[in-house]
Amino acid sequence: MKITGRNIKQRLYGLSRLPQRLSRARHFRGHGVHSPFVYTIVRQVFMRPGFLTDDIYYTTIVYGALLEQRIPRKRALQLVNLCVHCGYREISYLRPCAADLMVVPQSVEPEAFGEYVTTARQCGATLAIMAPYMNRERECACREIIASHAGTSVDNRGYLLIFNNHLPKQHFTL
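Because the structure is predicted, anything quoted here is derived from the model rather than measured.

J.: How should I be thinking about the overall build of the protein chain in this particular structure?
T.: Summing up its helical and strand segments, the protein chain has seven helices and six strands in all. When its helices and strands are written in sequence order, the protein chain yields α-α-α-α-α-β-β-α-β-α-β-β-β. Of all 174 residues assigned to the protein chain, the portion counted as buried reaches 45%. Partitioning the contacts of the protein chain with sequence separation of at least 6, the portion at a separation of at least 24 is 56%. Carbon and sulfur atoms form 55% of the exposed surface of the protein chain, whose accessible area is close to 9600 Å².

Have a look at this one:
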């Protein structure tokens, strides 16, 4: 068994969500997504097995920094591809600041999410909250963020993307 830093209670918590995850398994290839923006993200970002670009900034610096934050390789690759797809150059990993993409790692407590959300809304950044279902407090905080957010949000099970752009209020659970 892989050591992930979670105790047995946190590991078993995910089993209670198994029926919900199985019911949405039919949507994993983008079927049922009626937004062209989100559909291209699903097809170009989430389903791509490799990097979208050969740019050394993305493939080495950004990818390496995400791995240093203990983000799994697959999720780090998807976030790098999201940066390339959306044209993000400034990425914040540890603290809320004006950047195109702000990544909230697992180590950040749910009580600190408000500061990230406020900063992202003010500067028009995309917010990526890693492991939104790690525990009950984190899940409840993410649900509150989705309910109060005025734009598009995408739940990819591994992270929650909050887009602060011109798109209408929509929530996609993939």
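Next comes the rest of the write-up.
J.: Would you take a moment to explain the sheet that holds strand 4 (residues 152-155) for this structure?
T.: In a beta sheet, neighbouring strands pair by backbone hydrogen bonds and run either parallel or antiparallel. The strand order 1-2-3-5-4-6 describes an open sheet built from six strands, whose pairing is mixed. The strands lining the two open edges of the sheet, one partner per strand, are strand 1 (91-92) and strand 6 (170-173). In the packing of helix 6 (residues 113-123) onto the sheet, contacts are made with strand 2 (101-104) and strand 3 (126-130), and the angle to strand 2 comes to roughly 175°.

J.: Sorry if this is basic, but what is going on with the state of the cysteines here?
T.: Formally, a disulfide is one covalent bond, and it connects the sulfur atom of one cysteine to the sulfur atom of another. The tally for this structure, following the rule as stated, stands at zero disulfides. With no disulfide of its own, C86 lies 7.9 Å from the sulfur of C83, the closest cysteine sulfur. Residue C86 is classed as partly exposed on the basis of its relative accessible area, which comes to 25%. Counting only cysteine sulfurs, C97 is the nearest neighbor of C123, a cysteine outside any disulfide, at a range of 7.9 Å.

J.: What exactly am I supposed to notice about helix 6 here?
T.: In an α-helix there are 3.6 residues to a turn, and that puts residues three or four apart on one side. Taken residue by residue, helix 6 has F113, Y116, V117, T119 and A120 as its buried positions. The buried residues of helix 6 occupy one face: seen down the axis, they fall within an arc of 165°. Across from the buried face of helix 6, at angles greater than 90 degrees, the exposed residues are E115 and Q122. The elements touched by buried residues of helix 6 are strand 2, strand 3 and helix 7 (136-148). A positive phi of about 70° marks G124, the residue just after helix 6.

J.: I tried to follow the nonpolar core on my own but got confused; where do I start?
T.: Proteins that are soluble and globular tend to have nonpolar side chains buried together. Of all hydrophobic cores here, the largest spans 31 residues; its most connected members are F46, L66, L79 and L161. Secondary-structure elements contributing two or more residues to this core are helix 3 (36-46), helix 4 (56-68), helix 5 (73-86), strand 2, strand 3 and strand 5 (159-162). With six residues, the top contributor of residues to this core is helix 5. Each residue touching F46, except ones within four places of it in the same chain, is listed here: I41, Q78, V154, N156, Y159, L161 and L174. Listed in part, the 17 residues of the second largest apolar core include M102, V108, Y116 and A120.

So, how was this worked out
Residues numbered from 1 in each chain as written. Predicted model: local features only at pLDDT ≥ 70, side-chain atom pairs only at ≥ 80, totals over all residues. Heavy atoms only, no water. Helix = DSSP H or I, 4+ residues; strand = E, 2+ residues; numbered from the N terminus. Buried < 20%, exposed > 50% of the residue type's maximum accessible area, 1.4 Å probe, protein only. Contact = heavy atoms within 4.5 Å. Areas by Shrake-Rupley, 256 points an atom, 1.4 Å probe, with all protein chains shown as cover. Pairing = 2+ DSSP bridges. Axes fitted to C-alpha atoms, helices over the stretch in contact; angles between N-to-C directions. Disulfide = S-S within 2.5 Å. Arc of directions from axis to C-beta. Core = buried A, V, L, I, M, F, W, Y, C linked by side-chain atoms within 4.5 Å.

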